[in-house]
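What follows is the residue order along each chain.
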Amino acid sequence: MLRYADLPILLENVFPDIQKVHELLESEAPYTPLGGWYNPEADTHKRNRPMWFQNDWVHDVYQAEGSELFLHNPVYIETAKSFYDAEIIEPHSVYVNVMAAIEDGGPAHTDNPRFHGRERANTPMWLLRAMLWSDLFDDYEIVQATAIWWLDDVEGGGLYFWPDGPEKPPHHHVGSMANTALIGDNHGMFHQVGPVGPFGKGTILVTPAAELSPSDNGEWVVMDHNEEIYRAPLRNYRVSVLWKANVFKSLDEREEKSAQSLSMQDVTNIFNEDLEERNVRIRLSSDNIEDSEIIAILTGIYNEPKPINALRSVFETIRA
Ligand SMILES: [Fe+2]
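The sections below set out a description of the structure shown in this document.

Thresholds applied
- Residue indices follow the written sequence of each chain, beginning from 1 at its first position.
- Reporting in this predicted model follows two pLDDT cut-offs: at least 70 for local features of residues, and 80 or more for side-chain atom pairs to be given and counted; totals over whole chains, interfaces and linings ignore these cut-offs and use all residues.
- Side-chain calculation: all heavy atoms of the structure are included, whereas hydrogens and water are not.
- Coordination shells were defined by N, O and S atoms within 2.8 Å of each metal, extended to 3.2 Å for Na, K and Ca; water is absent from the atom set, which can make sites look incomplete.
- Accessible area is worked out with a 1.4 Å probe on protein chains only. A residue is then buried under 20% of its type maximum, exposed over 50%, and partly exposed in between.
- Runs of H or I in DSSP of at least four residues are treated as helices and runs of E of at least two as strands, each being numbered from the N terminus.
- Note on pairing: two strands pair once DSSP finds at least 2 bridges between them.
- For helices, the axis comes from a line fit to the C-alpha atoms of the stretch in contact; other axes are also lines fit to C-alpha atoms, and the angle between any two N-to-C directions lies between 0 and 180 degrees.
- The nonpolar core is taken to be a set of buried Ala, Val, Leu, Ile, Met, Phe, Trp, Tyr and Cys residues, with the residues joined through side-chain atoms within 4.5 Å.
- Contacts: residue pairs with any heavy atoms within 4.5 Å of one another.
- For Phe, Tyr and Trp, where Trp contributes only its six-membered ring, two rings pair if their centres lie within 6.5 Å, and the inter-plane angle classes them as stacked under 30 degrees, edge-to-face over 60, or tilted in between.

1. Let's talk about the coordination of the iron ion
And step 1. Within the protein, the atoms that donate to the iron ion are His109 (NE2), Asp111 (OD) and His191 (NE2), at distances of 2.1 to 2.2 Å.
And step 2. Site description for the iron ion: donor spacing in sequence, H-x1-D-x79-H. Both residues of the pair, His109 and Asp111, count as buried.

2. A word on the pairing of strand S16 (residues 238-248)
And step 1. Burial of S16 is extensive: 11 of the 11 residues sit out of reach of the surface.
And step 2. Pairing of strand S7 (residues 144-150) with S16 involves seven bridges; the strand directions are antiparallel. Residue pairing for S16: Ala147 is matched across the bridge by Trp243.

3. Observations regarding the sheet that holds strand S8 (residues 159-162)
And step 1. Pairing is antiparallel across the open sheet formed by three strands, whose spatial order is S9-S8-S11. At either margin of the open sheet sits one strand with a lone partner, and together these are strand S9 (171-173) and strand S11 (190-193). Across this sheet, the average inter-strand angle for adjacent strands is 20°, counted without regard to direction.
And step 2. Pairing geometry for S8 and S11, over four bridges, is antiparallel. If you follow Leu159 over to S11, its bridge partner there is Val193.

4. Points about unusual backbone geometry
And step 1. The step from Ala29 to Pro30 runs through a cis peptide bond, and the omega angle for that step is 5°.
And step 2. Residue position: Pro30 is located in the loop between helix H1 (18-27) and strand S2 (32-33).
And step 3. The residue after Gly197, namely Pro198, is reached through a cis peptide bond having omega 0°.
And step 4. By the element assignment, Pro198 lies in the loop between S11 and strand S12 (205-206).
And step 5. Look at His225: it is not a glycine, yet its phi comes out positive at around 50°.
And step 6. Following the sequence through the fold, His225 ends up in the loop between strand S14 (219-224) and strand S15 (227-233).

5. Things to note about the nonpolar core
And step 1. With 48 residues, the main nonpolar core has Tyr76 and Tyr237 as its most contacted residues.
And step 2. Residues in contact with Tyr237, not counting those within four places in the same chain, are Val98, Met99, Ala100, Val154, Leu212, Trp220, Val221, Val222, Tyr230, Arg231 and Ala232.
And step 3. Core analysis: the second largest hydrophobic core is formed by 22 residues, Phe115, Leu127, Val267 and Tyr302 among them.

6. Some points on the pairing of strand S4 (residues 52-59)
And step 1. When S2 meets S4, the two strands line up antiparallel, connected through two bridges. What sits directly across from Pro33, in S4, is Phe53.
And step 2. Two strands pair when backbone bridges link them, and S4 and strand S6 (residues 88-99) are joined in this way by six bridges, in the antiparallel orientation. Within the sheet, the bridge partner assigned to Asp56 lies in S6 and is Tyr95.
And step 3. Direction of pairing for S4 relative to strand S5 (residues 62-63): antiparallel, over a ladder of two bridges. Of the residues in S5, the one forming a bridge with His59 is Tyr62.
And step 4. Where S4 folds back on S5, the antiparallel hairpin that results is connected by two residues.

7. Focus on the environment of Asp6
And step 1. With respect to the secondary-structure elements, Asp6 resides in the segment before strand S1 (9-11).
And step 2. Asp6 sits in the exposed class, given a relative accessible area of 53%.
And step 3. Taking the C-alpha atoms as reference points, Asp6 and Met189, separated by 183 residues in sequence, lie 8.7 Å from one another.
And step 4. With residues near it in sequence (within four places) discarded, Asp6 still touches Phe83 and Pro163.

8. A look at the packing of aromatic side chains
Within a pair of aromatic rings, the relevant descriptors are the distance that separates the centres and the angle that separates the planes.
And step 1. Throughout the structure, instances matching the rule amount to 13 aromatic pairs.
And step 2. Taken together, a centroid distance of 6.0 Å and an interplanar angle of 45° make the contact between Tyr31 and Trp220 tilted. Taken together, the positions of Tyr31 in the loop between H1 and S2 and Trp220 in strand S14 put the pair 189 residues apart, joining distant regions of the chain. Across the pair, Trp220 and Tyr31 agree in class, each one buried.
And step 3. The interplanar angle of 50° and the centroid separation of 6.0 Å between the aromatic rings of Trp57 and Phe70 together place this pair among those described as tilted. Of this pair, Trp57 sits in strand S4 while Phe70 sits in helix H2 (residues 68-71), placing them 13 residues apart in sequence.

9. Some remarks on the sheet that holds strand S13 (residues 211-214)
Each strand in a sheet pairs with its neighbour through backbone hydrogen bonds, running either in the same direction (parallel) or in the opposite one (antiparallel).
And step 1. Pairing is antiparallel across the open sheet formed by three strands, whose spatial order is S13-S14-S15. Of all the strands in the sheet, the pair left with one neighbour each is S13 and S15. Across the sheet, the mean angle separating the axes of adjacent strands is 25° when strand polarity is ignored.
And step 2. With six bridges connecting them, S14 and S15 associate as antiparallel partners. By the bridge assignment for S15, Met223 is matched with Glu228.

Spelled out as structure tokens, the structure:
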């Protein structure tokens, strides 16, 4: 199935008091290079990461002081209710990206799905994504609302997004981005960060051990194994803050869906029934779930589309 999404809703002048966000950014420093799903290489002495720094402000077991500015933002919650025509919006995550000097795009992607009973902590990411693209688990998916907010206008740093589906050209949010937010469906809609300035020096690479922090004179500095790699005022970095919330149409839906929790056995059974119907001979089991051949076959069958007119991802360039 190709996924379509309504156009995200643009909010302007989101925070009347930006100083509070600055304080939060400073108190939660340092920021470290993005790793994970798109960039698993972890050799701490290799310069294999762009200056794409991140930090979690709110997750399952942590909530940064002052982050309720984002987490419980009433405008976000009301906008998400109207976007999804839903009564229940449960914010659960806030995280921040700080980027500079990246000449390629970020990866064009949809955000990682969540299902009742199955998520990152207990299920391999490739399997969660195969579950998403198979459409066999739609009844179990926990719908996610996303807000992305930007601090300043920087050189480049726009957002490309594909609300009309991956086979139609992307829309862009670029230029006047300062203190705006887009609220929409980043799990159904492909999106990608455009090249981030300053341009002209290529993509500056750091090791996974690099750290970004504010310095005494107010500039933000990238240190990497005791070497200063980069320094600029914060307004020259692309700072975006992401917010995610569970979406339920009603309390009844919330109760009903929460009661149907998927076990790993349920997941393998549902896939195996579908494989049988497709006359594919392999079967998924808890023993072969990390097997690269099985992964290749299943991700081939439950294939993730590539959105058109996407920029090359900086992570592909680094790996090439
Ligand atoms: Fe994303």
